[in-house]
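# Descriptive structure summary
So the chains spell out like this:
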Amino acid sequence: MAMALRAASRVLLRAGSRLGRREAVDGARRFANKRVLVETEGAAGATRIAVMKFRNPPVNSLSLDFLTEFVISLEKLENDKSIRGVILTSDSLKRGNQTKVAATEKTEEKRATRDHGGRLQERPGIFSAGLDLLEMYGRNPAHYAEYWKAVQELWLRLYLSSLTLMSAINGASPAGGCLLAITCDYRIMADNPKYTIGLNESLLGIVAPFWLKDNYVNTIGHRAAERALQLGTLFPPAEALKVGVVDEVVPEDQVHSKTLSVMAKWLAIPDHSRQLTKTMMRKATADNLIKQREADIQNFASFISRDSIQKSLHMYLEKLKHKKG
Ligand SMILES: CCCCCC/C=C\CC(=O)SCCNC(=O)CCNC(=O)[C@H](O)C(C)(C)COP(=O)(O)OP(=O)(O)OC[C@H]1O[C@@H](n2cnc3c(N)ncnc32)[C@H](O)[C@@H]1OP(=O)(O)O
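Residues numbered from 1 in each chain as written. Predicted model: local features only at pLDDT ≥ 70, side-chain atom pairs only at ≥ 80, totals over all residues. Heavy atoms only, no water.

### Here's the deal with the overall build of the protein
Check the secondary structure of the protein and you find 12 helices and 14 strands. Taken across its 325 residues, the protein has 50% of its residues classed as buried. Intrachain contacts of the protein at a sequence separation of at least 6 include 71% that bridge at least 24 residues. Of the roughly 16,000 Å² of accessible surface on the protein, 56% is carried by carbon and sulfur atoms. (Helix = DSSP H or I, 4+ residues; strand = E, 2+ residues; numbered from the N terminus. Buried < 20%, exposed > 50% of the residue type's maximum accessible area, 1.4 Å probe, protein only. Contact = heavy atoms within 4.5 Å. Areas by Shrake-Rupley, 256 points an atom, 1.4 Å probe, with all protein chains shown as cover.)

### Focus: the nonpolar core
Within the largest apolar cluster, 84 residues are counted, with the highest numbers of intra-cluster contacts made by Phe70 and Tyr216. Looking at this core element by element, the count peaks at 11 residues for helix 4 (residues 141-159). Among residues more than four places away in sequence, those in contact with Tyr216 are Cys178, Ile182, Gly198, Leu199, Gly221, Ala225, Ala228, Leu229, Phe235 and Val245. (Core = buried A, V, L, I, M, F, W, Y, C linked by side-chain atoms within 4.5 Å.)

### As for the pairing of strand 4 (residues 48-54)
Within strand 4, 7 of the 7 residues are buried, which leaves it mostly tucked inside the rest of the structure. Neither face of strand 4 is left uncovered, since the one carrying Arg48, Ala50, Met52 and Phe54 and the one carrying Ile49, Val51 and Lys53 both have all their residues buried. Taken together, the 6 bridges between strand 3 (residues 36-41) and strand 4 define a ladder with antiparallel strand orientation. If you follow Glu41 over to strand 4, its bridge partner there is Ile49. (Pairing = 2+ DSSP bridges.)

### What to know about the pattern of salt bridges
Scanning the model with the defined rule gives 18 salt bridges in all. We note a salt bridge from Glu75 to Arg157, for which the minimum N-O separation is 2.8 Å. One end of the pair, Glu75, is in helix 2 (residues 64-79); the other, Arg157, is in helix 4, with 82 residues separating them in the sequence. For Glu75, a relative accessible area of 9% puts it in the buried group. (Salt bridge = Lys/Arg side-chain N within 4 Å of Asp/Glu carboxyl O.)

### Structural notes on the environment of Lys149
Tracing the sequence through the fold places Lys149 in helix 4. Counting along the chain gives 65 residues from Lys149 to Asp214, while the straight-line C-alpha distance between them is 18 Å. When near neighbours in sequence (up to four residues on either side) are disregarded, Lys149 contacts Arg293 and Ile297.

### Let's talk about helix 2
For helix 2, which comprises 16 residues, the first-to-last C-alpha distance of 23 Å matches the rise-based estimate of 22 Å (1.5 Å per residue) to within 8%. For helix 2, the tally of buried residues reaches 12 of 16 residues, placing the bulk of the element in the interior. Taken together, the buried positions of helix 2 are occupied by Leu64, Phe66, Leu67, Glu69, Phe70, Val71, Ile72, Ser73, Leu74, Glu75, Lys76 and Leu77. (Expected span 1.5 Å × (residues − 1).)

### Examining helix 9 (residues 255-267)
The end-to-end C-alpha separation of helix 9 is 18 Å, in line with the 18 Å expected for 13 residues at 1.5 Å each. Every buried residue of helix 9 is accounted for by Val255, Thr259, Val262, Met263 and Leu267. Each buried residue of helix 9 sits inside an arc of 140° when the element is viewed along its axis, so together they form one side. Looking at the buried side of helix 9, the elements it contacts are strand 4, strand 6 (83-90), strand 10 (164-169), strand 12 (186-190) and strand 14 (248-250). (Arc of directions from axis to C-beta.)

### Let's talk about the packing of helix 4 against helix 10 (residues 271-290)
Close contact between helix 4 and helix 10 brings their axes to 10 Å; oriented N to C, the two are set at 165°. Relative to helix 10, helix 4 is oriented roughly antiparallel. The handedness of the crossing between helix 4 and helix 10 comes out as left-handed. Listed contacts from helix 10 to Gln152, Trp155, Leu156, Leu158 and Tyr159 of helix 4 are Lys278, Arg282, Thr285, Ala286, Leu289 and Ile290. (Axes fitted to C-alpha atoms, helices over the stretch in contact; angles between N-to-C directions. Parallel < 35°, antiparallel > 145°, perpendicular 65-115°, else oblique. Left-handed = near helix turned anticlockwise from the far one by under 90°.)

### Observations concerning the confidence of the model for the protein
Per-residue confidence for the protein gives a mean pLDDT of 86; residues scoring 70 or more make up 80%. For residues 93-109, every residue scores under 50 in pLDDT, and the model assigns this stretch 26 contacts once sequence neighbours within four places are set aside. Throughout residues 118-122 the model reports pLDDT below 50, and contacts reaching past four residues in sequence, or to other chains, amount to 14 contacts. Complex prediction metrics read pTM 0.88 and ipTM 0.98. (pLDDT = per-residue confidence, 0-100.)

### Concerning the packing of aromatic side chains
For the structure shown, the criterion picks out 9 aromatic pairs. With 4.7 Å between their ring centres and 15° between their planes, Trp155 and Tyr159 make a pair best called stacked. Of this pair, Trp155 and Tyr159 both sit in helix 4, separated by 4 residues, roughly a single helical turn. The class of Trp155 is buried, set by a relative accessible area of 0%. Residue Tyr159 is classed as buried on the basis of its relative accessible area of 2%. Taken together, Trp148, Trp155, Tyr159, Trp211 and Phe300 form an aromatic cluster joined through their ring pairs. Here the basic side chain of Lys76 rests over the ring of Phe31, its NZ or CZ set 4.4 Å away from the ring centre. (Phe/Tyr/Trp six-rings, centres within 6.5 Å; stacked < 30°, edge-to-face > 60°. Lys NZ or Arg CZ within 6 Å of the ring centre and 35° of its normal.)

As structure tokens, this is what we get:
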């Protein structure tokens, strides 16, 4: 198992050096794959933190390519001993006077709606729309197995990361988007009622895997998770805070600065004691998946291949397509 993980890491790292490119920008360093931009802050030799920005338009769905690039980026950061904290956030379109970094013109058009006067209005931000439905619909069992292995890998690496992870949730965060957030040590969400977060799988006719359920239970408690999972609840910020899916809600333009200041407090704790504590809290949950990874993959591939599940996904995709006026 350990050997397999090391071999997989080597393959990912080799792919990473092919895919990635490094640039120096105003003293800060950054590297980017196509779908993940990583910027590091802090002087050389000192503790630095990294900001991982998702840029997989139009909705930052967790496609196989995105998952691969994400894991490569995270691995690079884990291997960089000067990095102690990482912030996960979206690089997608923002409103107001913030910049549009990732979008092509076509995507910008897609990410906008027209108001009654025909003017383009930007639509709410998206942290991540979750697993890519097109990876789970209309493919073959081998593809489902490959995809699920990548999903498991991402979750395990995030959940067990020795880094201090924080999410700056600057948009909608359903299902797999919520997964990204709840693997983090701390979550800060923008106070915008249009943004919701939660595990809504039951609304799609699918079921969250046991390890994601466990992660949710560990975050919000058994009773709240039981109710929210059955109902597929997507919580607006105030409710997400109340139930504990997020730790703080702040005005949208303060999400980044607030996350940086909370990160500074966490980084004041000695790494070894914080890391050992994190492992103590999380190891049993992660081990539960590690000891039955292959069975979980087979279970996913056969579940998602069922005609009834494919039909549910088809209906959901059609609903998404036709919701636009
Ligand atoms: C054993 C079984 C285990 C199951 C595993 C369970 C674990 C996790 C499950 C998941 O993560 S499933 C994905 C759940 N995600 C959602 O339900 C979100 C669906 N999307 C939305 O609600 C909205 O798109 C949005 C994120 C709120 C954004 O809304 P907006 O109006 O800005 O954009 P749209 O017009 O709806 O979408 C644009 C474009 O993107 C396509 N799309 C949206 N979400 C996904 C997705 N998750 N995967 C793939 N594609 C997605 C959408 O269909 C549109 O496509 P076009 O019509 O423009 O082609």
